[in-house]
Amino acid sequence: MKLTSDELRKKWINFFKDRGHTPISSASLIPENDPTVLFTTAGMHPLVPYLLGQPHPAGKRLCDTQKCVRTGDIDEVGDASHCTFFEMLGNWSLGDYFKDEMVPWSYEFLTERLGLDPDRLAVTVFEGDDDCPRDEHTAALWEKCGIKRENIFYLGKKHNWWGPAGQTGPCGPDTEMFFDTGKPKCCDTCSPACDCGKYVEVWNDVFMQFNKNADGTFSPLKQKNVDTGMGLERALMNVQGLSSVYDTDVFTPIVKKIEELSGRKMSDADAVRAIRVVADHVRTATFIIGDERGVTPSNVDQGYILRRLLRRAIRFGSTIGLKSGDYSKIANVVVDKYAEAYPELAAARDKIAFEIDEEQTRFERTLENGIKEFEKLCKYIQGDTINGKSAFRLYDTYGFPLEMTVEMAKERGFKVDVDGFNARFEEHRNLSHAGAEQRFKGGLADTGELTARLHTATHLMHRALKEVLGDEGVNQRGSNITPERLRFDFSFARAMTPDEVKAVEDKVNEAIKADVEITCEEMTVDEAKAAGAVGLFASKYGEKVKVYTMGEYSKEICGGPHANRTGELGHFKILKEQSSSAGVRRIKAVLE
Ligand code: SER
């Protein structure tokens, strides 16, 4: 079947609209008020509070295409199917329909809308354990639809359980759908659980009915939800019978541009990996910079991931002859390709090109310093081997890829202790993984009272900052809340004076003292803006959003949750006001 990405998105939305779902716009790639993850990694992620029982302004049946970034498999990028950015098509029942509806709909969509041959579909269901019974019900539903019994596989938690996304939060057994490529079974027990390549995953329906608690136990959720996710790129690849996601229409214009600029071809075995890496990384970088909450390259958090993606793209690009200025041209093609589906990219076109060119210049400068460092190293080398520690320093401090160090060493007749480098690399990776796990500690769904109060304080402070420093110059750039403190980034050109800090504290404490009620209304984004609410929201479908009002003190578009009255907050205190990046200030504050 010939199916383009635009058609697939439309088919998806229309199919679920016909079944009573409200389409919602993709949330930002950068989660707000969620200290646990750097990027939105799944369609369900922005919906966690609603899966836990909060009513969603758009209703109980939702569908969307969500922008996602996952960098865990970055080293795999370059093969046929790994991407750091992808779109997840999703639909949700928030305590509404369940398995009886979802399984037949899944079958109908796959066979009738996507035209997949029912005999080439395989499904997996949960085999059952102490936490949750064997899912015979779902298996029976599949069989009734027409899936052959031998194509229904029962698997354990490792394969058929989804979530939580952090250490705690909503999760449940799932049923996954696979496309059988027709390759022979690799062994007698060959199933979708093995990675021999016979079965390719297309869709995942999660029956989200448990909350995983901090002590590892599972308790039933207030409501039974359905959460499904289909990766757009992989679905296109399967439907079109292609062997790589880079051959689908989302990538073809990007790949063509890279071929044109480099003079190398995808059909050239030596160039294919580099072309794919550049295509993937530049696409992801374009989405991160062009996001409605876009960030720029830096040494922390999302900015650091962005930096690594761009530098990795540049390094791979240099092996196929890409030059300065080429990467922003490639990004321009990404913007063109997605202009309709994600209008925020077109709005940020110039910024995207500028940031990519800037980062390239900075990287070139670092490379120069790295080369100097390398020359020094060669001068003082003992024996004929550059040790792992030095090679890692070149990598870590100067962004020097190991392959480059090895190559340059070879030119001078030296070797590199690659094992030593790898040992350092692993050590470092484990450390940063430990860091990443820390981030997940609070769980995705930290809806505790302390967090809610700090969230309310953030709104009050945002407004106070605008009053004290001027409405025009002050805009929110980021927010990160833990039960202990709030952290707020905003645009402002200089450091605040002690008087200004005090004035902001006083204003917030005045609002707390006034003890006004916090109210929440639902309206469209246009109505919210007309009512004077601040807040970012890229609304494609004109869907409803929540607006929180705190008396005269604040009005913002926000998902919540918040305190009931400002009086619950106690005393507000700013601990630190400092620079975050060029033109952006960062405040850390607490309630005491
Ligand atoms: N949350 C599930 C996934 O990411 C289904 O949307 O696969």
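Residues numbered from 1 in each chain as written. Predicted model: local features only at pLDDT ≥ 70, side-chain atom pairs only at ≥ 80, totals over all residues. Heavy atoms only, no water.

Draft legend 1. Local environment of the pairing of strand 17 (residues 572-581). The pairing of strand 17 with strand 18 (residues 584-591) spans eight bridges and is classified as antiparallel. By the bridge assignment for strand 18, S581 is matched with V584. Hairpin connection from strand 17 to strand 18: two residues lie between these consecutive antiparallel strands, with G583 at a positive phi of about 75°. (Pairing = 2+ DSSP bridges. Helix = DSSP H or I, 4+ residues; strand = E, 2+ residues; numbered from the N terminus.)

Draft legend 2. Layout of the packing of aromatic side chains. Overall, the coordinates contain 26 aromatic pairs when judged by the stated rule. On the basis of an interplanar angle of 80° and a centroid distance of 6.5 Å, the ring pair of F16 and W105 is categorised as edge-to-face. Taken as a pair, F16 in helix 1 (residues 5-17) and W105 in helix 3 (residues 99-113) lie far apart in primary sequence, 89 residues in all. Each member of the pair, F16 together with W105, is buried. On the numbers, 5.7 Å between centres and 65° between planes, the contact of Y395 with F425 is edge-to-face. Placement of the pair is Y395 in helix 13 (residues 388-398) and F425 in helix 15 (residues 418-440), with a sequence separation of 30 residues. (Phe/Tyr/Trp six-rings, centres within 6.5 Å; stacked < 30°, edge-to-face > 60°. Buried < 20%, exposed > 50% of the residue type's maximum accessible area, 1.4 Å probe, protein only.)

Draft legend 3. Here's a closer look at the packing of helix 1 against helix 6 (residues 232-239). Packing of helix 1 against helix 6 leaves a shortest axis separation of 11 Å and a crossing angle of 105°. The orientation of helix 1 with respect to helix 6, classified from their angle, is roughly perpendicular. Along the contact surface, helix 1 presents S5, L8 and R9, while helix 6 presents L232, A235 and L236. Residue composition of the contact of helix 1 with helix 6, grouped by class: four nonpolar, one polar and one charged. (Axes fitted to C-alpha atoms, helices over the stretch in contact; angles between N-to-C directions. Parallel < 35°, antiparallel > 145°, perpendicular 65-115°, else oblique. Contact = heavy atoms within 4.5 Å. Nonpolar A, V, L, I, M, F, W, Y, C, P; charged D, E, K, R; others polar.)

Draft legend 4. Representation of the site of the ligand. Residues in close proximity to the ligand include A42, M44, R70, M88, W162, N204, V206, D227, T228 and G229, which together make up its full environment. Side-chain polar atom of D227 to a nitrogen atom of the ligand: 2.8 Å apart, as the coordinates give it. Note that an oxygen atom of the ligand is positioned 3.2 Å from one of the backbone N or O atoms of G229. Taken by itself the ligand offers 230 Å² of open surface, and the protein chains cover 94% of this. (Near = heavy atom within 4 Å. Polar contact = N/O pair within 3.5 Å; in protein donor to acceptor, adjacent residues only side chain to side chain. Areas by Shrake-Rupley, 256 points an atom, 1.4 Å probe, with all protein chains shown as cover.)

Draft legend 5. Geometry of the pairing of strand 16 (residues 554-557). The sheet contact formed by strand 15 (residues 544-550) and strand 16 spans four bridges and is antiparallel. Bridge pairing links V547 to I557 in strand 16.

Draft legend 6. Spotlight on helix 7 (residues 252-262). Among the residues of helix 7, those classed as buried are I254, V255, I258, E259, L261 and S262. Its buried side turned inward, helix 7 meets helix 8 (272-289) and helix 10 (326-338).

Draft legend 7. Region of the structure containing the sheet that holds strand 15. Taken in spatial order, the three strands make up an open sheet running 14-15-16, and their pairing is antiparallel. Of all strands in the sheet, those bounded by a partner on one side alone are strand 14 (518-524) and strand 16. Averaged over all pairs of adjacent strands, the angle between strand axes in this sheet comes to 25°, irrespective of strand direction. Judged from the seven bridges that link them, strand 14 and strand 15 form a sheet pairing that is antiparallel. Paired with C520 across the two strands is Y548, which belongs to strand 15. Each of strand 14, strand 15 and strand 16 is contacted by helix 16 (residues 449-469), which is oriented at about 115° to strand 16, the strand it contacts most.

Draft legend 8. Structural context of the side chain of R312. Note on placement: R312 falls in helix 9 (residues 301-319). Beyond its immediate sequence surroundings of up to four residues, R312 is in contact with I74, D75, R273, V277 and H281.

Draft legend 9. Quick peek at the confidence of the model for the protein chain. On average, residues of the protein chain score 90 in pLDDT, and 96% of them reach the 70 mark or higher. Across residues 433-446, confidence stays below pLDDT 50; counting only partners more than four residues off in sequence or on other chains, it has 28 contacts. (pLDDT = per-residue confidence, 0-100.)

Draft legend 10. Representation of unusual backbone geometry. Cis geometry marks the peptide bond from G163 to P164, where omega comes out at 0°. Looking at the secondary structure, you find P164 in the loop between strand 6 (161-162) and strand 7 (169-180). In this chain, G560 is followed by P561 through a cis amide linkage whose omega measures 0°. Structurally, the position occupied by P561 is in the loop between strand 16 and strand 17. Residues other than glycine seldom take positive phi values, yet D515 does so here, at roughly 45°.

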